[in-house]
Amino acid sequence: MRVRTWAVISAGTVLASLVAAVPAQADPGVQGATVPRDGQMALAWEPCGDLEPLVDEDLECATLVVPMDHDSEEGSGETVRLALSRVPATGQARHTLLVNPGGPGSAGRIWASHTHRRMPASLREIYDVVSFDPRGVGASTPAITCDPEFFAPVRPDTVPADATAEAALRAETMAYAQACADNTGPLLEHTRTEDTAHDMDAIREALGQERIDYLGYSYGSYLGTVYSALYPDRVRALLLDSVVDPDNPWYESNLVQSRALERSAWGFFDWVARHDDAYGLGATGKEVAEAYYALRSELGEAPIKDTVGPTELESAVVVIAYSGVVWPTVARALAARINDGDDEPLLRLHERYGEGPDSDQEYGGYLAVQCTDTHWPRDWETWHADAEEVHGQAPFMGWHNIWYNAPCADWTADSGDWFQVGDGPGEHPAYQGQALLVHATDDGATPVEGAFALRRRLPGAALVIEQDGVTHGVSFAGNTCVDEVIIAYLRDGELPTRNEGDGPDVTCRARPEPQPGTARGEDGPGVEPGVPGRSGASEQPVE
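Computed from a predicted structure; not experimentally measured.

Asker: What should I look at first to understand the state of the cysteines in this one?
Answerer: Linking two cysteines covalently via their sulfur atoms produces the bond known as a disulfide. Scanning the entire structure with this criterion turns up 4 disulfides. Here C48 pairs with C61 through a disulfide, and the sulfurs are 1.9 Å apart. Note on the C48 and C61 pair: the S-S dihedral is about 110°, so by sign convention the disulfide is right-handed. Highlighted residues: C48 in the loop between β3 (46–47) and β4 (60–67) and C61 in strand β4, separated in sequence by 13 residues. Across the pair, C61 and C48 agree in class, each one buried. One disulfide in the model links C146 with C180; its S-S distance is 2.0 Å. Note on the C146 and C180 pair: the S-S dihedral is about 110°, so by sign convention the disulfide is right-handed. Of this pair, C146 sits in the loop between β7 (127–133) and α3 (163–184) while C180 sits in helix α3, placing them 34 residues apart in sequence. For C180, a relative accessible area of 0% puts it in the buried group.

Asker: It is not clear to me how unusual backbone geometry should be interpreted in this structure. Could you clarify?
Answerer: Where the residue is not glycine, phi is negative for most of them; where a peptide bond is considered, it is trans in most cases. T141 connects to P142 through a cis peptide bond whose omega is 0°. Structurally, P142 is set in the loop between β7 and α3. Cis rather than trans, the peptide bond between P153 and V154 has omega equal to -5°. Even without being a glycine, S242 presents a positive backbone phi close to 60°. Along the polypeptide, S242 turns up in the loop between β9 (235–241) and α6 (250–274). Judged by relative accessible area, S242 falls into the buried class, the value being 1%. With a phi close to 55°, F476 is a non-glycine residue in the positive phi region. Relative to the helices and strands, F476 is located in the loop between β11 (461–467) and α16 (480–492).

Asker: What exactly am I supposed to notice about the nonpolar core here?
Answerer: Burial of nonpolar side chains together is a common tendency in soluble globular proteins. W411, L436 and L490 are the most contacted members of the largest nonpolar core, which totals 113 residues. Beyond its immediate chain neighbours, meaning those up to four positions away, L490 contacts H95, L123, Y127, D213, R236, A237, L239 and F476. Within the second largest apolar cluster, 39 residues are counted, among which are L261, V272, L295 and L299.

Asker: What exactly am I supposed to notice about the confidence of the model for the protein here?
Answerer: As a note on interpretation, predicted positions should not be read in detail where pLDDT is low. On average, residues of the protein carry a pLDDT of 88, and 85% of them reach 70 or more. This stretch, residues 35–40, has a pLDDT under 50; its non-local contacts, to residues over four places away or in other chains, come to 5 contacts.

Asker: Would you mind going over the packing of aromatic side chains with me for this structure?
Answerer: Note on aromatic pairs: each is described by the distance of the centres and the angle between the planes. Summed over the entire model, instances satisfying the criterion amount to 30 aromatic pairs. Judged by centre distance (5.0 Å) and plane angle (70°), the ring pair of Y251 and W383 falls under edge-to-face. Residue Y251 is found in helix α6, and its partner W383 is found in helix α13 (residues 380–393); the two are separated by 132 residues along the sequence. With respect to burial, Y251 and W383 carry one shared label: buried. Relative to F396, the ring of Y292 lies with its centre 6.0 Å away and its plane at 50°, an arrangement referred to as tilted. Residue Y292 is found in helix α8 (residues 285–301), and its partner F396 is found in the loop between α13 and α14 (398–405); the two are separated by 104 residues along the sequence. According to the relative accessible area criterion, Y292 is buried, its value standing at 3%.

Asker: Explanation requested: the environment of L187 in the structure shown.
Answerer: Tracing the sequence through the fold places L187 in the loop between α3 and α4 (193–206). For L187, a relative accessible area of 1% translates into the label buried. Apart from the residues lying within four places of it in its own chain, the contact partners of L187 are M68, V80, R135, G136, P142 and I144.

Asker: What is the right way to read the sheet that holds β3 from this model?
Answerer: Picture the strands of a sheet paired through backbone hydrogen bonds; they go either parallel or antiparallel. Strand order in the open sheet formed by 10 strands is β3-β4-β5-β7-β6-β8-β9-β10-β11-β12, and the pairing between neighbours is mixed. The open sheet is flanked by β3 and β12 (506–509), the only strands paired with a single partner. Where β3 lies against β4, 2 bridges are found, and the strand directions are antiparallel. Opposite E46, over in β4, you have C61 as the bridge partner.

Scoring rules and cut-offs
- Residues numbered from 1 in each chain as written.
- Predicted model: local features only at pLDDT ≥ 70, side-chain atom pairs only at ≥ 80, totals over all residues.
- Heavy atoms only, no water.
- Disulfide = S-S within 2.5 Å.
- Helix = DSSP H or I, 4+ residues; strand = E, 2+ residues; numbered from the N terminus.
- Buried < 20%, exposed > 50% of the residue type's maximum accessible area, 1.4 Å probe, protein only.
- Core = buried A, V, L, I, M, F, W, Y, C linked by side-chain atoms within 4.5 Å.
- Contact = heavy atoms within 4.5 Å.
- pLDDT = per-residue confidence, 0-100.
- Phe/Tyr/Trp six-rings, centres within 6.5 Å; stacked < 30°, edge-to-face > 60°.
- Pairing = 2+ DSSP bridges.

Below you can see the structure in the form of structure tokens.
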């Protein structure tokens with residue numbers, strides 16, 4: 001499962017990072033291609049016709065050509081065309097903020113507009129905000145392509161009934177890995193996080209900036225950590241939100257994530273139980289959980305309109321682990337089916353938050369990074385044993401997460417050693433400059449332990465914790481306490497005083513939990529988010 005970013009949105013809305021349909025992408029070669037200028041590469045900014053009307057009118061796009069292999073000699077080898085976006089400062093630009101929404105596998109250009117709108121006026125005035133579609137995804141080319149039919153419903157149940165069912169699921173993931181190799185080509189050998197970090201520095205240089213500020217959500221926090229280790233002198237401010245644990249390579253990280261998603265699921269079940277008068281699914285979290293799993297079993301026997309089976313249900317409902325704002329919507333859809341036999345809300349939930357053929361590029365992009373960033377077990381016995389254990393402890397997404405990452409067991413591109421930031425022998429040096437880490441304690445996608453682990457590794461970092469927060473992505477999401485610290489850091493370079501212990505340097509109270517409507521099936525006031533696709537799908541915010 002991707003480290004799904006469900007990016008942050010303005011107060012009252014949610015982050016964005018699961019699946020919300022992305023508009024058709026124009027050929028990045030048509031607009032904003034790089035042109036030589038005094039021996040340097042300049043960016044030709046033009047209107048972003050393929051992203052309208054989802055963005056502000058000031059958003060502009062360009063294309064930057066970079067080597068596919070940054071280790072090759074300059075001028076030799078194949079190239080990658082990166083699709084970039086920018087919203088200029090409303091006043092005199094003093095800084096450039098480069099934004100990555102996470103994933104990996106997430107198209108990012110929409111995030112320049114999204115971030116700029118959510119910043120306070122004092123930052124919009126002095127910041128150019130820039131984002132990009134990482135290599136292989138969005139409008140960047142060449143594109144990662146695997147098998148769009150992989151997500152066609154109804155998909156096999158992720159919890160195998162027996163050894164035969166498990167073997168069939170295994171065969172599907174093996175075929176998907178091979179399809180990525182057959183249909184994408186040499187790019188798959190150059191999609192590690194380090195490759196994207198080198199792309200980021202090429203973007204910095206093309207922008208004419210000596211140093212950049214960086215905002216990375218979720219997987220974007222790991223990308224920022226790697227960039228700051230490779231290019232420590234090129235960073236002015238480093239803002240990392242919903243932090244990936246630097247001590248857990250992806251295989252181990254996904255096992256830990258499954259347990260965190262389980263905790264989030266129970267937070268949701270307990271919330272629904274507290275509002276039993278609105279949803280009627282049970283007066284205790286246990287009763288609500290039993291109702292959910294009974295529905296899951298029913299869909300295994302009789303999927304809804306050949307569209308929503310147990311796997312599709314999981315793929316949509318997992319949104320509750322990314323933001324509490326969606327809880328009323330998900331609870332309403334579950335209640336409509338369980339209590340009233342009404343399938344339409346659940347179908348709409350799947351359409352909005354689930355996966356389909358359009359998820360292929362994002363999923364392939366996710367795998368292309370994770371499968372090569374670090375080494376994965378090649379023997380299925382290890383995967384099976386871990387799956388059985390994690391499913392016993394975390395049935396909400398335990399097996400689902402195993403299958404989501406299983407193509408890495410058979411990935412054809414070479415994997416490398418995990419980029420471990422630290423001071424020990426053979427490790428990459430830790431960034432010594434300032435950094436601000438932001439994390440919610442009950443984040444299901446990236447467990448909060450990762451933020452504390454990274455704080456220990458970055459001597460110049462301060463950590464802001466949103467206590468009891470359930471949202472994956474906290475920056476500029478409406479928590480005034482958190483945002484005041486961020487604004488002071490970006491505007492003035494001021495960090496909170498770092499304490500001598502291992503605890504957070506600032507603790508902010510979480511925003512109020514959502515409230516349902518007064519009648520079952522009726523949401524209360526508030527804005528339902530448009531959610532992007534897992535860790536990556538489109539990461540498209542809807543406000």
